[in-house]
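# Observations on the three-dimensional arrangement
In case you want the letters, here they are:
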Amino acid sequence: CFQLYGYCYQDSNDIPDTLTTITELGSPLEMIQLLQTSWEDRFRICLSLVRLLHYLAHSPLGSVTLLDFRPRQFVIVDGELKVTDLDDASIEESSCTSNSDCFMEFPARNFTLPCSVEGRCQSMNEKRNLYNAYRFFFTYLLPHSAPSSLRPLLDKIVNATGNDNKHSNAKYLVFQCDSQFTQKCMKSANTKYRRVPEAFIPDENYRCWPSYHHKGCLLSVFDVNEAIEICDSYSQCKAFVLTNQTTWTGRQLVFFKMASNHIVPDPDKITYVKVTD
């Protein structure tokens, strides 16, 4: 949630008992702009949302639901998503006498949750948050342009929020996002590449999307195998250069090149050139 730095009460003639809060500064959430950012930046936002969902489900007050769960209630602070408006938050779980009383209706689909022996709809607050996160965030931000090696894991995350199954809970999402997405996914490559240590290709750029560089194709990879997979997927790619720079998740930044005619020495980089028959 938003960081609260301070607050004060002030009485005025017009409005008595006025409360002023001082919070950290965040940027409004613009979904169209987010879709134009790199996949890793979008994943970071979803990861912070998953952690928020877990906190809401296990807060000191109990399970908290955000009744007005829409992008306008959130801001971006240092690349992470934070909720700013808690006016519509509730800790009340709906009472029930049977499962039919625990019916949840959304525009695209409906859910019926079990009624507990205590007469409360089980995990209704958590389920409402999860499905709203799915319909407003995950379906847009996670799958598009994601690394192919991670797509099976991302499908699990999206399905866990959009479907009614045993994995529809925030704890499962935290496990998937924090642990499994960094696992190494190996794929054998049919194309051979020649390794040239301490070398760089300064030119021969082409544009790709999404890219960390506006004049070239600079993407993040888990390892050399993923870089080979990406290069093989672009017809114009004939080489790639591993840099010593990483993203916030530790993935390595790689330049993809359309030729290797001019290679220069660089102690901080490693070049891989596609071997042609």
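What comes next is a walk through the structure. (Residues numbered from 1 in each chain as written. Predicted model: local features only at pLDDT ≥ 70, side-chain atom pairs only at ≥ 80, totals over all residues. Heavy atoms only, no water.)

## Overview of the state of the cysteines
Applying the stated criterion to the full structure yields four disulfides. Covalently, C102 is tied to C121 through a disulfide, its sulfur atoms 2.1 Å apart. Judged by the torsion about the S-S bond (-90 degrees), the C102/C121 disulfide is left-handed. One end of the pair, C102, is in the loop between strand 7 (89–90) and strand 8 (103–105); the other, C121, is in the loop between strand 9 (110–112) and helix 3 (124–141), and 19 residues separate them in sequence. The same class applies to C102 and to C121, which are both buried. Each disulfide pairs two cysteine sulfurs, and for C208 the partner residue is C217, the sulfurs being separated by 2.0 Å. With the S-S bond torsion at 95 degrees, the cross-link from C208 to C217 turns out right-handed. Comparing C208 with C217, the two get one shared label, buried. Looking at the protein, its bonded cysteines, counted consecutively from the start of the sequence, adopt the pairing 1-3, 2-4, 5-6, 7-8. (Disulfide = S-S within 2.5 Å. Helix = DSSP H or I, 4+ residues; strand = E, 2+ residues; numbered from the N terminus. Buried < 20%, exposed > 50% of the residue type's maximum accessible area, 1.4 Å probe, protein only.)

## Considering the packing of helix 2 (residues 39–57) against helix 3
At their nearest, the axes of helix 2 and helix 3 sit 11 Å apart, and the two run at 175 degrees to each other. Considered as vectors, helix 2 and helix 3 are oriented roughly antiparallel to each other. Along the contact surface, helix 2 presents W39, R42, I45, C46, L49, V50, L53, L56 and A57, while helix 3 presents E126, N129, L130, A133, F137, F138, Y140 and L141. Residue composition of the contact of helix 2 with helix 3, grouped by class: 14 nonpolar, one polar and two charged. (Axes fitted to C-alpha atoms, helices over the stretch in contact; angles between N-to-C directions. Parallel < 35°, antiparallel > 145°, perpendicular 65-115°, else oblique. Contact = heavy atoms within 4.5 Å. Nonpolar A, V, L, I, M, F, W, Y, C, P; charged D, E, K, R; others polar.)

## Comments concerning the sheet that holds strand 5 (residues 74–77)
Sheets are built from strands that pair by backbone hydrogen bonding, the pairs being arranged parallel or antiparallel. An order of 3-5-6 is seen for the three strands of this open sheet, with the pairing classed as antiparallel. What marks the edges here is a single partner per strand, and that holds for strand 3 (27–28) and strand 6 (80–83). Relative to strand 5, strand 3 runs antiparallel, the two being bridged by two bridges. Residue P28 lies in a different strand from strand 5, and its bridge partner there is V75. (Pairing = 2+ DSSP bridges.)

## Focus on the sheet that holds strand 14 (residues 264–274)
If you walk across this open sheet you meet the five strands as 10-14-12-13-11, and the pairing is antiparallel. Two strands close off the open sheet at either side, each with one partner strand: strand 10 (193–200) and strand 11 (217–221). Looking at each pair of strands side by side, their axes are set apart by 30 degrees on average, direction ignored. Relative to strand 14, strand 10 runs antiparallel, the two sharing seven bridges. If you follow P197 over to strand 14, its bridge partner there is I270. Sheet contacts for helix 6 (residues 224–233): strand 10, strand 11, strand 12 (239–246), strand 13 (252–257) and strand 14; angle to strand 12, the most-contacted strand, approximately 135 degrees.

## So, the pattern of salt bridges
Counted by the stated rule, this structure contains six salt bridges. Note that K274 is salt-bridged to D232, the shortest N-O span being 4.0 Å. Taken together, the positions of K274 in strand 14 and D232 in helix 6 put the pair 42 residues apart, joining distant regions of the chain. Several salt bridges converge on common partners, so that one network encompasses D68, R70 and R72. (Salt bridge = Lys/Arg side-chain N within 4 Å of Asp/Glu carboxyl O.)

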